[in-house]
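# Observations on the model geometry
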Amino acid sequence: MTADLLLGLQWGDEGKGKIVDVLTSKYDIIARFQGGPNAGHTLEFDGIKHVLRTIPSGIFHKTAVNVIGNGVVIDPVVFQKEIEGLAKFNLDLKGKLIISRKAHLILPTHRLLDAASEASKGKAKIGSTLKGIGPTYMDKTGRNGIRVGDIELEDFKERYRSLANKHEEMIAFYNVDIQYNLDEMEKEFFEAIEELKKIDFIDSEEYINQAQRAGKLILCEGAQGSLLDVDFGTYPFVTSSNTTAAGACTGLGIAPNKIKDVYGIFKAYVTRVGSGPFPTELFDEDGETMARVGNEYGSVTGRKRRCGWLDLVALKYAVQINGVTQLMMMKGDVLSGFPTLKICTQYNYKGKAISHFPYNIETENVTPIYTELKGWEADLTGMTTYDELPKELKEYIEFIEKEIEVPIKIVSVGPDRKQTILK
């Protein structure tokens, strides 16, 4: 049997959590394959808004098993708070949630290292969320990291102490003024470790492969977006993991030939949080309207998102490197009321029109070339079928499909799981 994969095609915040929630009833297992607790997946139903950070987005469905894969980095303190926040919903977390022993742990000193590193960069900072994710992945690739499976070892605290001491030496090296009480942070950390131990730890690659052999249907869930991929994103303004389809293979232990459908999620426009190039970014009233109507603020960080017109050069690139088989367009309702819509179809790159995503998309090199389409006035939020959608929105969708050469199968017209139109 094969597994399906769902991931974001822009700079994150595309609405992956909602779509996983919508699709979950089709799957036996939802498996998160990378990223850390800076990636908030927002789900909304029954009038309640839920923000998940580490736990997969299938946790609210009664039958799905949720796997936190080896490619994820876990902050036990954040995880404990997430569990506490879910307590009132009477979910069977013990029976529905399992964690890979190979997933790495974010230590308190990882968060401090993140803050010290970012502070030392001054104006050159990359816009880190300061959750300790970058330093944790650095320890992983540097072969210094502590993993979930280490919690089960007798010398776990000694391993912790050795790495934390090394981190403190590195923090001192940065020579920046950050205030912290490590004793308090460690007390909170080890209390959270005890809560983490209440969840079953598994050899997730074996679990996933056995599930495939048994005919279980698996949906692999990514965090962030393809343009934040550490290899293929807008480096260095990227995250520290592989957010693209390849990350599902390394983050869960799934062979490439076992992946079937790749669902690509994108907004009807584009947003970006933090620093980094953004060719179609708007600095006018249109951008402010998108941010206000779309409630474009980070679900975890609260940071305001930068907004801009849809960029098909970047979208084609993301579709290509991920092998996307189906597209899902989010927040179509946010564009209601714009008399004219713009879509970037090419870049003017150093005086030459190009259709591919180049190595450098900084503003001194790239200017977007736009195609204009007529907008629509209708309120989409109460519509339930594709036929109800205004003609101009259908033309917008058809234009994207023709350019990208991949069908758009879902159109989201609001945050609630019911506000989802199948095409």
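Analysis parameters
Residues numbered from 1 in each chain as written. Predicted model: local features only at pLDDT ≥ 70, side-chain atom pairs only at ≥ 80, totals over all residues. Heavy atoms only, no water. Helix = DSSP H or I, 4+ residues; strand = E, 2+ residues; numbered from the N terminus. Rg over C-alpha atoms; globule rule 2.2 N^0.38 Å. Buried < 20%, exposed > 50% of the residue type's maximum accessible area, 1.4 Å probe, protein only. Contact = heavy atoms within 4.5 Å. Areas by Shrake-Rupley, 256 points an atom, 1.4 Å probe, with all protein chains shown as cover. Salt bridge = Lys/Arg side-chain N within 4 Å of Asp/Glu carboxyl O. Core = buried A, V, L, I, M, F, W, Y, C linked by side-chain atoms within 4.5 Å. Pairing = 2+ DSSP bridges. Axes fitted to C-alpha atoms, helices over the stretch in contact; angles between N-to-C directions. Disulfide = S-S within 2.5 Å. Polar contact = N/O pair within 3.5 Å; in protein donor to acceptor, adjacent residues only side chain to side chain. Phe/Tyr/Trp six-rings, centres within 6.5 Å; stacked < 30°, edge-to-face > 60°.

Across its full length, the protein carries twelve helices and 20 strands. Taking 2.2 N^0.38 as the reference for a compact globule, 423 residues should give roughly 22 Å; the C-alpha atoms of the protein span a radius of gyration of 21 Å, in line with that estimate. The principal-axis extents of the C-alpha atoms in the protein amount to approximately 65 × 50 × 40 Å. Looking at the protein as a whole, 57% of its 423 residues are labelled buried. Sequence-distant contacts in the protein: of pairs separated by 6 or more residues, those separated by 24 or more amount to 76%. When the accessible surface of the protein is summed, it comes to about 18,300 Å², and 49% of that surface belongs to carbon and sulfur atoms.

With that out of the way, let us pick up the pattern of salt bridges. Per the counting criterion, the structure on display carries 22 salt bridges. A salt bridge links Glu188 to Lys81; the nearest nitrogen and oxygen atoms lie 3.9 Å apart. Highlighted residues: Glu188 in helix 7 (residues 182-196) and Lys81 in helix 2 (residues 76-86), separated in sequence by 107 residues. When its relative accessible area of 31% is taken as the criterion, Glu188 is described as partly exposed. Exposure remark for Lys81: the relative accessible area of 51% places this residue in the exposed category. Residue Lys267 pairs with Glu296 through a salt bridge whose shortest N-O separation is 2.9 Å.

Turning our attention to the nonpolar core. Formed by 73 residues in total, the largest nonpolar core has its most connected members in Met329, Tyr396 and Ile400. Ranked by the residues each element gives to this core, the list is headed by helix 11 (residues 312-322), at seven residues. Once residues lying within four places of it in the same chain are set aside, the contact partners of Ile400 are Phe266, Leu310, Leu312, Leu315, Met329, Ile343, Glu405 and Ile408. In this structure, Phe79, Ile146, Val148 and Phe201 belong to the second largest nonpolar core, which totals 30 residues.

As a further point, take the sheet that holds strand 9 (residues 200-202). One open sheet holds the ten strands; their spatial order is 9-7-5-2-10-1-11-15-19-20, and the pairing between them is mixed. What marks the edges here is a single partner per strand, and that holds for strand 9 and strand 20 (420-422). Adjacent strand axes in the sheet meet at a mean angle of 25° when their direction is disregarded. Lying over the sheet, helix 12 (residues 391-404) contacts strand 11 (259-267), strand 15 (326-330) and strand 19 (408-412), oriented at roughly 145° with respect to strand 15.

On to the pairing of strand 15. Buried residues dominate strand 15, accounting for five of its five residues. Here strand 15 shows a buried face lined by Gln326, Met328 and Met330 and a second buried face lined by Leu327 and Met329. Pairing geometry for strand 11 and strand 15, over five bridges, is parallel. Note that in strand 15 the partner of Lys267 across the bridge is Met330. Judged from the three bridges that link them, strand 15 and strand 19 form a sheet pairing that is parallel. Across the sheet, residue Met329 finds its bridge partner in strand 19, namely Val411.

Take the pairing of strand 11 next. Across the nine residues that make up strand 11, a large majority, eight, are buried. With five bridges connecting them, strand 1 (residues 3-8) and strand 11 associate as parallel partners. For Gly8, the partnering residue across the bridge sits in strand 11 and is Ile265.

The next thing to look at is the environment of Asp261. Residue position: Asp261 is located in strand 11. Residue Asp261 is classed as buried on the basis of its relative accessible area of 18%. A C-alpha to C-alpha distance of 7.4 Å links Asp261 and Val324, two positions 63 residues apart in sequence. Among residues more than four places away in sequence, those in contact with Asp261 are Ala3, Asp4, Leu5, Thr325 and Gln326.

Time to look at the state of the cysteines. Evaluated as defined, the whole model comprises zero disulfides. Of all cysteine sulfurs, the one in Cys220 lies closest to Cys249, which takes part in no disulfide; the gap is 8.2 Å. Looking at the unpaired Cys344, the closest cysteine sulfur is the one in Cys307, lying at 16 Å.

The next thing to look at is the side chain of Gln34. Structurally, Gln34 is set in the loop between strand 2 (29-32) and strand 3 (41-45). Side chain to side chain, Gln34 and Ser241 meet in a polar contact 2.9 Å long. What Gln34 contacts, discounting residues up to four positions off in sequence, is Gly71, Val72, Tyr137, Gly222, Ala223, Gln224, Ser241, Asn242 and Thr243.

Bringing the environment of Lys157 into the picture now. Structurally, Lys157 can be placed in helix 6 (residues 156-174). Linking Lys157 and Val406, residues 249 residues apart in sequence, is a C-alpha distance of 51 Å.

It is worth spelling out the packing of aromatic side chains at this point. Summed over the entire model, instances satisfying the criterion amount to eleven aromatic pairs. Between Trp11 and Phe278, the aromatic rings sit 5.3 Å apart at their centres with planes inclined by 55°, giving tilted as the arrangement. With Trp11 in the loop between strand 1 and helix 1 (16-23) and Phe278 in the loop between strand 12 (270-272) and helix 10 (285-293), this residue pair connects regions lying 267 residues apart in the sequence. A relative accessible area of 4% places Phe278 in the buried class.

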